[in-house]
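The primary structure of each chain is shown beneath.
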Amino acid sequence: MKNESRTNKSIKNIVISVIGEISTIIVAFVARTYFIRLLGAEYLGINGLFLSIVAFLSVAELGFGAAITFSLYKPLAEKDETKVKALMQLFRKVYTIIGLIIIALGIAFLPFLHFFTKDVSGIGNLYIYFILILMTTAISYFFSYKRTLIIADQKAYIVETYKYIIFVIYNIIQIVLLILWQNFYLFLIAHFIAIFVNNLMINYKANKMFPFLKDRKKVKLPKEETKILKKNIRAMFYQSIGAKLHTTLKNPIISAMVSIIILGVYTNYQLITDTLIKLITIMFTAITASIGNLGATSDNIKSEKIFRNIFFGNFWLMAFCTTMLFTLLTPFITLWAGTDYLLDNYVVLAIIFNFYILGMRKSVIQFKTALGLFWYDRYKPVLEAVTNLILMVLLGYYYGLVGIFIGNILSIL
């Protein structure tokens, strides 16, 4: 359907994403159950810690992807292949460099790994675990530019379909590997192979959808376009650093100030809240490209009306999910993982409140991203992240785990 409407594309993106995410949630919970039973809380803690550290290292991306995505909406709407090609060539070059920088930063971090894992012993080579997780994250940067192009063209359902199929298959494989060998190395290697195969599939599909990408002839962006892009990248630099600091510091601080076993227990709660946030994010991400297209082709009055409708829906969605967590989170953890994996009630309340205020940001963030409004609050994320670090360490020192979560909440508020 060549002239498919924004609404139809958004609905298709949401339906595919929600169905796919529900399927992966079921498989992921089964895989996590076997992980808990066969490997235990220490491995859970190591996995959660290393994922957080590697996520923080990806701050090297500096928000370049969001700025490029915004720049793609207009030329895609106008079918300007020359400009799209120029942006993609720049995107590929920069993201290749970023992938290599993340690998270099990860290797440079290895000597400091023991500061966060001092209470862990006798569970294999932590450095190899870390390198496997690092490479799994870094490899996607060598393919990201083509994935971004498909998403910016309002066809995120294509990317999501491939992702969910691969996710279900590799989780089933991980379950089999855990049952047969209880080996964390094989668990991580399966994840790396799955991510690599998924990227190859996206690369192949993008080449079929946009044949002009195969043309190696160099195309440069006009100077005015480059100037706007640089301004957005500068703004996203602050946004990216602030967001990474805010979302990735909690797990290393819990590991260093409390224990890696408690971190492992917390990651079960984190899995549930992150899964819900992911489902909510999917609904907003699925319409981001359509919002970008709306901003490029419609007036501000219509954009504001759409924003207010979506923000209202955001509130009702978060109110429902938060009520559900208050009622069901502790009983669910008890039934699923057992009483040994329960956290204090005050910590649970803090986790749920943190979930609510993060979820209430979603509609605002998606509009800001889709309409390229990066510049106006560029210093806010950095201030928030610094405040977050200070409060988590200070309150964590005096009040332990609950203090870390309260510090996180206060910085957001």
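One can find the structure itself at the top, above this paragraph.
Residues numbered from 1 in each chain as written. Predicted model: local features only at pLDDT ≥ 70, side-chain atom pairs only at ≥ 80, totals over all residues. Heavy atoms only, no water.

A. The overall build of the protein chain, seen in detail. Counting its regular elements, the protein chain contains 17 helices and 0 strands. Radius of gyration (C-alpha) of the protein chain: 21 Å, near the 22 Å computed for a compact globule of 413 residues. C-alpha atoms of the protein chain, sized along the principal axes, occupy 60 × 40 × 35 Å. Considering only intrachain contacts with a sequence separation of at least 6, the fraction spanning at least 24 residues in the protein chain is 84%. Accessible area of the protein chain: about 19,900 Å², with a carbon and sulfur share of 68%. Looking at the protein chain, you have 40 positive and 20 negative side-chain charges, and the mean spots of the two groups are 7 Å apart. (Helix = DSSP H or I, 4+ residues; strand = E, 2+ residues; numbered from the N terminus. Rg over C-alpha atoms; globule rule 2.2 N^0.38 Å. Contact = heavy atoms within 4.5 Å. Areas by Shrake-Rupley, 256 points an atom, 1.4 Å probe, with all protein chains shown as cover. Lys, Arg positive; Asp, Glu negative; His and termini not counted. Charge placed at Lys NZ, Arg CZ, Asp CG, Glu CD.)

B. View of the nonpolar core. Counting residues in hydrophobic clusters, the biggest one holds 107 residues, and the most contacted among them are I46, F50, L72, M88, F130, F184 and L343. Sorting elements by how many residues they give to this core places helix α11 (residues 260-285) first, with 12 residues. Sequence-distant contacts of M88, that is, excluding residues within four places in its chain, are made with I68, L72, Y145, L149 and L213. (Core = buried A, V, L, I, M, F, W, Y, C linked by side-chain atoms within 4.5 Å. Buried < 20%, exposed > 50% of the residue type's maximum accessible area, 1.4 Å probe, protein only.)

C. A look at unusual backbone geometry. Phi is positive for K79, which is not a glycine, with a value near 55 degrees. Here K79 shows up in the loop between α3 (64-77) and α4 (81-109). Phi at Q182 is positive, roughly 50 degrees, even though this residue is not glycine. Of note, Q182 is situated in the loop between α7 (156-181) and α8 (184-209).

D. The arrangement of a positive patch on the surface in detail. There is a patch of like positive charges on the surface, built from K93, R216, K218 and K220. Checked against the element boundaries, R216 lands in the loop between α8 and α9 (223-248). Take R216: its relative accessible area is 59%, and that puts it in the exposed class. (Patch = residues over 30% accessible without salt bridge, like charges linked within 9 Å, V, L, I, M, F, W, Y side chains within 5 Å. Salt bridge = Lys/Arg side-chain N within 4 Å of Asp/Glu carboxyl O.)

E. Layout of the environment of F35. Among the secondary structure elements, F35 is positioned in helix α1 (residues 6-38). Its relative accessible area of 3% is what places F35 among the buried residues. Apart from the residues lying within four places of it in its own chain, the contact partners of F35 are G40, Y43, L44, L178, F184 and F187.

F. Here's a closer look at the packing of aromatic side chains. Here the structure, examined in full by the defined rule, presents 25 aromatic pairs. With a centroid separation of 4.6 Å and an interplanar angle of 80 degrees, the aromatic rings of F91 and Y95 are classed as edge-to-face. Placement of both F91 and Y95 in helix α4 is noted, with a separation of 4 residues, approximately one turn of the helix. One exposure class covers both F91 and Y95, and it is buried. The interplanar angle of 65 degrees and the centroid separation of 5.8 Å between the aromatic rings of F315 and W316 together place this pair among those described as edge-to-face. (Phe/Tyr/Trp six-rings, centres within 6.5 Å; stacked < 30°, edge-to-face > 60°.)

G. Spatial organisation of the pattern of salt bridges. Applying the stated criterion across every chain, the model contains 7 salt bridges. Linking D153 and K155 is a salt bridge whose minimum nitrogen-to-oxygen distance equals 2.9 Å. Relative accessible area serves as the criterion here: at 15%, D153 is assigned to the buried category. Its salt-bridge partner being K368, residue D377 comes within 3.0 Å of it at the nearest N-O pair.

H. Structural context of the environment of Q89. Among the secondary structure elements, Q89 is positioned in helix α4. Expressed as a C-alpha distance, the spacing of Q89 and A337, which sit 248 residues apart in the sequence, is 48 Å. Once you skip the residues sitting within four places of it in the chain, Q89 turns out to touch D215, R216, K217, K218 and V219. A distance of 2.9 Å separates the side chain of Q89 from the backbone nitrogen of V219, its partner in a polar contact. (Polar contact = N/O pair within 3.5 Å; in protein donor to acceptor, adjacent residues only side chain to side chain.)

I. Representation of the environment of L221 within the structure. Looking at where L221 falls in the secondary structure, it is placed in the loop between α8 and α9. Here L221 falls in the buried class, since its relative accessible area comes to 16%. Separated by 48 residues in the primary sequence, L221 and Y269 have C-alpha atoms spaced 46 Å apart.

J. Local environment of the packing of helix α16 (residues 380-399) against helix α17 (residues 401-412). Contact pair α16 / α17: the axes reach a minimum separation of 7 Å and the direction vectors enclose 155 degrees. In terms of orientation, α16 and α17 fall into the roughly antiparallel class. In this structure, the crossing between α16 and α17 has a hand that is right-handed. Together, E384, T387, N388, L391, M392, L395, G396 and Y399 of α16 and L401, V402, G403, I404, I406, G407, N408, L410, S411 and I412 of α17 make up the contact between the two elements. Here the contact of α16 with α17 is composed, by residue class, of 10 nonpolar, 7 polar and 1 charged. (Axes fitted to C-alpha atoms, helices over the stretch in contact; angles between N-to-C directions. Parallel < 35°, antiparallel > 145°, perpendicular 65-115°, else oblique. Left-handed = near helix turned anticlockwise from the far one by under 90°. Nonpolar A, V, L, I, M, F, W, Y, C, P; charged D, E, K, R; others polar.)

K. Seen up close, α11. Along its 26 residues, α11 runs just 33 Å from first to last C-alpha, ending more than 12% under the 38 Å computed at 1.5 Å per residue. A bend of about 25 degrees at Y269 is the largest found in α11. Most of α11 is tucked away, with 20 of its 26 residues classed as buried. (Expected span 1.5 Å × (residues − 1). Bend = angle between axes of the 7 residues up to and from the residue.)

These figures come from the coordinates and say nothing about function on their own.
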